[in-house]
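Below, each chain spelled out in residue letters.
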Amino acid sequence: MNDSGPREKAHPRILVVAPEEEATHQLISYLRREGFEVLAAREGAAAYDILDSEPVDALVCPLADSRIDGLRLVRLARERNQEICAIVSTGSDEIELGTEAMREGAYDFQVRPLNLSKVRAVLDRGLSYQRLVGEVSDLQRRLDERYRYGGIARRSSLWQRIYAQIEQVARSRATVLLTGETGTGKGEVAKAVHQQSPRRDRPFVETNCGALPESIVESELFGHERGAFTGASTSRKGRFELADMGTLFLDEVGDLSPATQVKLLRVIQSGEFERVGGTSTLRADVRLIAATNRNLETMVEEGSYRADLYYRLNVVTIHIPRLGDCREDIPILVNEFLRQFSRENGRETHVLDPAAMDALMDYDWPGNVRELKNCVEGMVVMSAPGRELTTSDVPAHIRGVPPGSDRGGLHPGMTMKQVERLAIEQTLKAVGHDRRKAAKVLQIGLSTLYRKEKEYGLRL
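What this report covers is the structure whose coordinates are included nearby.

Definitions and cut-offs
Residues numbered from 1 in each chain as written. Predicted model: local features only at pLDDT ≥ 70, side-chain atom pairs only at ≥ 80, totals over all residues. Heavy atoms only, no water. Helix = DSSP H or I, 4+ residues; strand = E, 2+ residues; numbered from the N terminus. Rg over C-alpha atoms; globule rule 2.2 N^0.38 Å. Buried < 20%, exposed > 50% of the residue type's maximum accessible area, 1.4 Å probe, protein only. Contact = heavy atoms within 4.5 Å. Areas by Shrake-Rupley, 256 points an atom, 1.4 Å probe, with all protein chains shown as cover. Lys, Arg positive; Asp, Glu negative; His and termini not counted. Charge placed at Lys NZ, Arg CZ, Asp CG, Glu CD. Salt bridge = Lys/Arg side-chain N within 4 Å of Asp/Glu carboxyl O. Pairing = 2+ DSSP bridges. Axes fitted to C-alpha atoms, helices over the stretch in contact; angles between N-to-C directions. Polar contact = N/O pair within 3.5 Å; in protein donor to acceptor, adjacent residues only side chain to side chain.

**Here's the deal with the overall build of the protein**
When helices and strands are counted, the protein shows 19 helices and 16 strands. Over its C-alpha trace the protein gives a radius of gyration of 32 Å, far above what one expects of a compact globule, namely 23 Å for 460 residues. Seen along its three principal axes, the alpha-carbon backbone of the protein occupies a region of about 95 × 75 × 45 Å. Looking at the protein as a whole, 45% of its 460 residues are labelled buried. Long-range contacts, defined here as pairs at least 24 residues apart, represent 68% of the contacts in the protein between residues at least 6 apart. If you sum the accessible surface of the protein, you get close to 24,100 Å²; carbon and sulfur atoms cover 49% of it. Placing the 64 positive and 68 negative side-chain charges of the protein at their respective mean positions leaves the two points 3 Å apart.

The following block contains the structure:
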């Protein structure tokens, strides 16, 4: 398989596909003098073989010849290199066909006889674009390697240590206990451990023990037989069976009842269990990851949690920090959520102005990443499409504005642009959106008001 992008080499490689004739020899000689490496083929079949075996940066070929199908060549070349600089040549009566070739992905089409200087100029542009795409892809790859792991985008030193712990523990079979406040990202860490483990192609099953009524926790974990209880009209597999040969993530294990703790301990020790209402002993090979926002050690001391279960769960512990303890992660998370929710709502990606980002950075985020994510989603949904988000879009409690004091919207720290936007918005409301009256009150021209409305996204 050939490379999908431009190769890093001193001399770009160009495939020239054309009949054996003087104009072809002139083109090949010219390109070689200009420093290109040239591969030549007289017919389409030979060109297909070259594209299947050699990485190629550019293609020059006729659009239609008795032995050359230019459109097919362009399609095949772009399958091998999405950004290939493909130049097709046409006769003066084939202009419409040349336009179709551009739609198929050709970089340019030229009418024969070819102008060699123009061919060189197009190659320079196309190959420069290829290099730029390659550099951007390489930069994105390096950023992902540095700041993203298993779907987690972070740059703080605390999270870099967590990445190292994930890498280390993922290769083992050890039970992992994730601790930390609600909303910090324990579920994402569990998924990352699974994705990096030898079980990555097996099921990843998760359940929140704290969200289940005590009466059905055992049924959820171990399954039940038909008639085991009222409403059990069919037999049902539990989470352990579903996760066999894979990973089971149990969130909020601190909320398990004493009776369920005993049964969970048995499964961890022996891998054996029975469905509720069943007599057959079942086995499951499960890699267990547990999580809690409670202090299990304190619960053991108080007698509300089994010490033997705690020790079984606490083989490897990874503590997930509060968002407020790694504030340098906030901008990268905000930008990721902006892209996500702009895309989900079919909008051009929103951006935050510096003052709005500062407001988010200064907030303590007691709900951690979950609260930040919900905040950004609300800001995107409630704003005009494509508009830059400002501090006025940030919820009042995050800006530190006391409840009830935000009626006028004016508060310390606002920029002059934000003040101007607020003045226009409030004046329009006060005059019933009569723009002539609003312009008179604001002492600006009507055309200026229209321009400002568009600038600030007020014309909904």
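Further notes follow.
**Observations concerning the pattern of salt bridges**
Two side chains with opposite charge may pair up if their charged atoms get near one another. This model, assessed by the stated rule, comprises 31 salt bridges. Between Arg 275 and Glu 225 there is a salt bridge, and its shortest N-O distance comes to 3.7 Å. Of this pair, Arg 275 sits in the loop between strand 13 (272-273) and strand 14 (282-283) while Glu 225 sits in the loop between helix 8 (214-222) and helix 9 (239-242), and the two are 50 residues apart along the sequence. With relative accessibility at 15%, the residue Arg 275 sits in the buried group. Salt-bridge contacts for Arg 275 lead to Glu 241; the nearest nitrogen and oxygen are separated by 2.9 Å. Remark: Glu 241 occurs in helix 9 and Arg 275 occurs in the loop between strand 13 and strand 14; sequence separation between them is 34 residues. Of the two residues examined, Arg 275 and Glu 241, each falls in the buried class. Here the residues in one salt-bridge network are Glu 181, Arg 322, Asp 325, Arg 327 and Asp 364, joined through shared partners.

**Let's talk about the sheet that holds strand 7 (residues 108-111)**
Spatially, the 5 strands line up as an open sheet ordered 2-1-3-6-7, and their pairing is parallel. Only two strands of the sheet have a single partner each, and these edge strands are strand 2 (37-41) and strand 7. Direction aside, neighbouring strands of the sheet carry axes that sit 20 degrees apart on average. Sheet analysis places strand 6 (residues 85-90) next to strand 7, joined by 4 bridges and oriented parallel. Looking at strand 7, one finds that Val 88 is bridged to Phe 109. Lying over the sheet, helix 3 (residues 70-80) contacts strand 1 (13-17), strand 3 (58-62) and strand 6, oriented at roughly 170 degrees with respect to strand 3. Contacting strand 6 and strand 7, helix 4 (residues 95-103) runs over the sheet at an angle of about 165 degrees to strand 7.

**Thoughts on helix 14 (residues 354-362)**
Of all the positions in helix 14, only Ala 355, Ala 356, Met 357, Ala 359 and Leu 360 are classed as buried. In this structure, the buried residues of helix 14 make contact with helix 13 (330-344), helix 15 (368-381), helix 16 (396-399) and helix 17 (416-430).

**A look at helix 18 (residues 435-442)**
For helix 18, the side-chain oxygen to backbone nitrogen distance between the N-cap and Arg 436 is 3.2 Å, and the N-cap itself is Asp 434. Directly after helix 18, the chain includes Gln 443, whose backbone phi takes a positive value near 60 degrees.

**Comments concerning the environment of Val 74**
Along the polypeptide, Val 74 turns up in helix 3. On the basis of relative accessibility, which here comes to 1%, the residue Val 74 falls in the buried class. Separated by 14 residues in the primary sequence, Val 74 and Val 60 place their C-alpha atoms 9.4 Å from one another. Sequence-distant contacts of Val 74, defined by excluding residues within four places in its chain, comprise Leu 59, Ala 86, Val 88, Glu 104, Gly 105 and Ala 106.

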